[in-house]
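Notes for the structure review
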Amino acid sequence: MPDPQTTTRRVEQAAPRPDGPRRIILDCDPGHDDAVAIMLALASPAIELLGITTVGGNQTVQKITRNAQSVLEMCGRQDVPVHRGSARPLLRDVHVAGDIHGESGLDGVELPAPTVPVADARAVQYIADTVMAAEPGEITLVATGPLTNLALAARLEPEIIERVREVVIMGGGYHEGNVSPVAEFNIWADPEAAAIVVDAGWELTMVGLDLTHQALATADVEEQVRAIGTDLAEFFLGLMGFFRRTYQEVQGFDDPPVHDPCTIAYLIDPSVVRTRRAPLHVETSGDLTRGMTVADLRPGADLEGCRTQVATELDRDAFWGMVVEAIRVLG
Ligand SMILES: [Ca+2]
């Protein structure tokens, strides 16, 4: 067994391009919290959402691809292309999160039928082609589902590893788990893909459960959204109502943690999400620890050349301020 530290590739990342909106591809599996991430990305002038790629996760890839289209319909942004991605993990069987997200993957709301077809190019090809066609350091990849597409894109076109600006993932946790005591769903669902992505050597920020469990949609957040009074505000409230019930029943939470938009908030304003640099790896072989993300937070950890960091602390008020404003802006 090689030392995991030495299996991480050392790559020279392309320098970030000058200011302007962050150009991102959002790889997701909507999913209640993915839907909120899409809204936040669409509304912020700091973000240019180039395209959405989908991956089987919270529900089947067919359902969540349609959900992504429906969320864009709700936001009046059918111009953003949706590229269908991987139907199943690299090695593991499919396990959807119907207990949390329902039969549709977005239970609790009426989903408008898509008026625009899914884009021709499949997700993995689209990610590789878009990053290669852009300037070095231009594209940021955000992943809020299992990491199957990103892993396959890195294998299809390894040059993207040096070419992207950075990768931000919702997944994992250095202390907390949800599908098991130590593993979070996205990483647990496809641990081999997660290992490829985390060990690739690109600049990577893990926004894990330690951070996202601070992003609770409490009653005061819902009141602020209710006051907006639009169809989209009602859509958000319908999503959160269902999400609250399943989080109460399945996870023992009072209020639902809205994980995925924390990645977008971090890109809009890094001061909203505090991070800490730490060597990071994914457990793929443990009987009890499948999909555990292992961050070396020891004071003596070797940080030389370390390209990974973990999110630790959320400015909750600033975060929800962004989300509420996004729903208001989208009208
Ligand atoms: Ca998700």
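All figures in this text were calculated on a predicted structure; none of them were measured in a lab. (Residues numbered from 1 in each chain as written. Predicted model: local features only at pLDDT ≥ 70, side-chain atom pairs only at ≥ 80, totals over all residues. Heavy atoms only, no water.)

1. A look at the coordination of the calcium ion
Reference values for angles at a metal are 109.5 degrees in the four-donor tetrahedral case and 90 or 180 degrees in the six-donor octahedral case. Surrounding the calcium ion are the protein donor atoms Asp29 (OD), Asp34 (OD), Asp34 (OD), Thr144 (O) and Asp260 (OD), which sit 2.2 to 2.5 Å from the metal. One chain supplies every donor to the calcium ion, and in sequence these donors are spaced D-x4-D-x109-T-x115-D. Classification of Asp34 by relative accessible area gives buried; the value is 0%. (Donors = N, O, S within 2.8 Å, 3.2 Å for Na, K, Ca; no water. Buried < 20%, exposed > 50% of the residue type's maximum accessible area, 1.4 Å probe, protein only.)

2. So, the environment of Gln224
Inspection of the secondary structure puts Gln224 in helix H11 (residues 219-226). For Gln224, a relative accessible area of 38% puts it in the partly exposed group. Between the C-alpha atoms of Gln224 and His95, which are 129 residues apart in sequence, the distance is 35 Å. (Helix = DSSP H or I, 4+ residues; strand = E, 2+ residues; numbered from the N terminus.)

3. Re the packing of aromatic side chains
Each aromatic ring pair is described using two quantities: the centre-to-centre distance and the angle formed by the ring planes. Applying the stated rule across the entire model yields three aromatic pairs. Ring geometry for Phe243 versus Tyr247: centroids 5.1 Å apart, planes at 85°, classification edge-to-face. On the criterion of helical spacing, the pair formed by Phe243 and Tyr247 is a turn pair, its members being four residues apart in helix H12 (residues 231-251). Between Tyr247 and Phe253, the aromatic rings sit 5.2 Å apart at their centres with planes inclined by 75°, giving edge-to-face as the arrangement. The pair Tyr247 / Phe253 is uniform in exposure class, with both members buried. An aromatic cluster of at least three residues, connected via ring pairs, comprises Phe243, Tyr247 and Phe253. (Phe/Tyr/Trp six-rings, centres within 6.5 Å; stacked < 30°, edge-to-face > 60°.)

4. Section: the pairing of strand S2 (residues 47-54)
Among the eight residues that make up S2, seven are buried, leaving the element largely enclosed by the rest of the structure. Pairing of strand S1 (residues 22-28) with S2, which is carried by seven bridges, proceeds in the parallel orientation. The residue of S2 that forms the bridge with Ile25 is Gly51. Each parallel crossover has a hand, and for S1 linked through helix H2 (residues 32-43) to S2 it is right-handed. Judged from the two bridges that link them, S2 and strand S3 (residues 82-83) form a sheet pairing that is parallel. By the bridge assignment, Thr53 is partnered in S3 with His83. (Pairing = 2+ DSSP bridges. Right-handed = clockwise from strand over helix to strand, strands pointing away.)

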